[in-house]
Amino acid sequence: MAGFSWYLSEGFQVIIEKSKEAKCSLKEVQLRFLCPDDLEEVRSLCRDWFPIEYPQSWYEDITSSERFFALAAVHKSQIIGLIVAEIKPYLKLNAEDRGILSRWFASKDTLVAYILSLGVARSFRRSGVATMLLEVLINHLSGPVPQPPYEHRVKAIFLHVLTTNTEAILFYEHRRFHLHSFLPYYYSIKRRYKDGFTYVYYVNGGHAPWGLYDYVKYVARAAWRGGGLYPWIWSKLRTALTIAWHRRFYKT
């Protein structure tokens, strides 16, 4: 069984998972946001962890811009894990990503979080560090206490992943991320195009666009909560008949 330890960091509450099978004690792992002095270390780590080559401007942004939620896990003064997410308006997403939310959320106030990267040093993998970083992000965006400037306006956390990255896919699925769409030829890696998936985790009441089945399920659930399906139908029918009767009365 995993236990949980709580502490306060930078104004928000953090959950740390403690695994008995951990290769290091997570009590020894500290969390902090990235700063400009981390640029070279982060670039070296990302080149080792990911097949994608990020431009220099990307490293400058994630280590200095407040637009990014860039959190590092540090063990003995060295960065061993990293999660970077960009908080952005839903209306400014690329066309292939706008379908992750229902059109009911298509307003300037709706925000989404896009996970750009989540990585852990090889010697610390499978020790709970990645889970810790992901849970901190989720708790920060959807916890019981609103965190300015987001204030529960973030309705979805999503990411793109290579279709061949089975380990990452299983990691996110195990943590209740849902497959949303297939992205053919989405990545360009060493001049070769690779397919990708979009995975989404909904928070703060956000949900995907509904189909006919979802609407039927919603109506049926609402009806049963009101005392049963037949009473609900009868009440709606009675209301309609009353309106029709009054309209006929006034016409005569």
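Right above here is the structure, for reference.
Please read all numbers here as calculations on a predicted model, not as lab measurements.

> For this particular structure, what's the right way to read the side chain of R43?
Of note, R43 is situated in helix α1 (residues 39-49). Among the residues examined, R43 registers a relative accessible area of 17% and is labelled buried. Here Q56 takes part through its side chain, which lies 2.3 Å from a polar atom of the side chain of R43. Aside from chain neighbours lying at most four places away, what touches R43 is Q56 and Y59.

> What is the right way to read the environment of E60 from this model?
One can find E60 in helix α2 (residues 56-62). Sequence separation between E60 and L39 is 21 residues, and the spatial gap between their C-alpha atoms is 6.7 Å. The contact partners of E60, leaving out residues within four places of it in the chain, are L39 and S65.

> Just to check I follow, could you spell out the pairing of strand β9 (residues 192-202) for this structure?
Successive residues of a regular strand alternate their side chains across the two faces of the sheet. In terms of strand pairing, strand β7 (residues 154-162) meets β9 through seven bridges, oriented antiparallel. Bridging from a neighbouring strand, A156 pairs with Y202 of β9. Bridge analysis of strand β8 (residues 178-189) against β9 gives eight bridges, and the strand direction is antiparallel. Bridged to H178 within β9 is V200. Between β8 and β9, which pair antiparallel one after the other, the connecting turn spans two residues, and K190 there sits at a positive phi close to 55°.

> I keep staring at the sheet that holds β8 and nothing clicks. Help me out?
Paired through their backbone hydrogen bonds, the strands of a sheet run either parallel or antiparallel. On the basis of which strands lie adjacent, the open sheet formed by seven strands has the order β3-β4-β5-β6-β7-β9-β8 and mixed pairing. In this open sheet, the two edge strands, each paired with only one partner strand, are β3 (29-33) and β8. The sheet shows a mean angle of 25° between the axes of neighbouring strands, direction not considered. Taken strand by strand, α1 contacts β5 (78-89) and β6 (111-120), and its axis lies near 90° from that of β5.

> Before we go on, may I ask you to explain helix α4 (residues 166-174) in this structure?
Because each turn of an α-helix spans 3.6 residues, side chains separated by three or four positions in sequence point in the same direction. For α4, every residue scored as buried is listed here: A168, I169, F171 and Y172. Looking down the long axis of α4, one finds its buried residues gathered within 160° of arc, a one-sided arrangement. Opposite the buried face of α4, at more than 90 degrees from it, the exposed residues are E167, L170 and H174. If you follow the buried residues of α4, they end up packed against β6, α3 (129-142), β7 and β9.

> In this structure, what is going on with the side chain of T198? I would like to understand it.
With respect to the secondary-structure elements, T198 resides in strand β9. Residues within four places of T198 in sequence aside, it is in contact with D97, I100, F158, L159, H160, H178, L179, H180, S181 and L183.

> How should I be thinking about the pattern of salt bridges in this particular structure?
A side chain of one charge can pair with a side chain of the opposite charge when the charged atoms of the two come close. Tallied over the entire structure, the rule returns seven salt bridges. We note a salt bridge from E40 to R43, for which the minimum N-O separation is 2.5 Å. Of this pair, E40 and R43 are both found in helix α1, three residues apart, which corresponds to roughly one turn of the helix. Here E53 makes a salt bridge to R47, at a shortest N to O gap of 3.4 Å. By the burial criterion, E53 is exposed, and R47 matches it. Through salt bridges with shared partners, a single ionic network connects R67, E86 and K88.

> Help me out: how do you make sense of the packing of aromatic side chains in this one?
What characterises a pair of aromatic rings is the spacing of the ring centres plus the angle enclosed by the ring planes. Applying the stated rule across the entire model yields 13 aromatic pairs. Look at W58 and Y59: their rings are 5.2 Å apart centre to centre, the planes differ by 80°, and that puts the pair in the edge-to-face class. There is no split in this pair, since W58 and Y59 are both buried. Ring plane angle 65° and centroid distance 5.2 Å describe the contact between Y172 and F177, whose orientation is recorded as edge-to-face. Like F177, Y172 is buried.

Calculation criteria
Residues numbered from 1 in each chain as written. Predicted model: local features only at pLDDT ≥ 70, side-chain atom pairs only at ≥ 80, totals over all residues. Heavy atoms only, no water. Helix = DSSP H or I, 4+ residues; strand = E, 2+ residues; numbered from the N terminus. Buried < 20%, exposed > 50% of the residue type's maximum accessible area, 1.4 Å probe, protein only. Polar contact = N/O pair within 3.5 Å; in protein donor to acceptor, adjacent residues only side chain to side chain. Contact = heavy atoms within 4.5 Å. Pairing = 2+ DSSP bridges. Axes fitted to C-alpha atoms, helices over the stretch in contact; angles between N-to-C directions. Arc of directions from axis to C-beta. Salt bridge = Lys/Arg side-chain N within 4 Å of Asp/Glu carboxyl O. Phe/Tyr/Trp six-rings, centres within 6.5 Å; stacked < 30°, edge-to-face > 60°.

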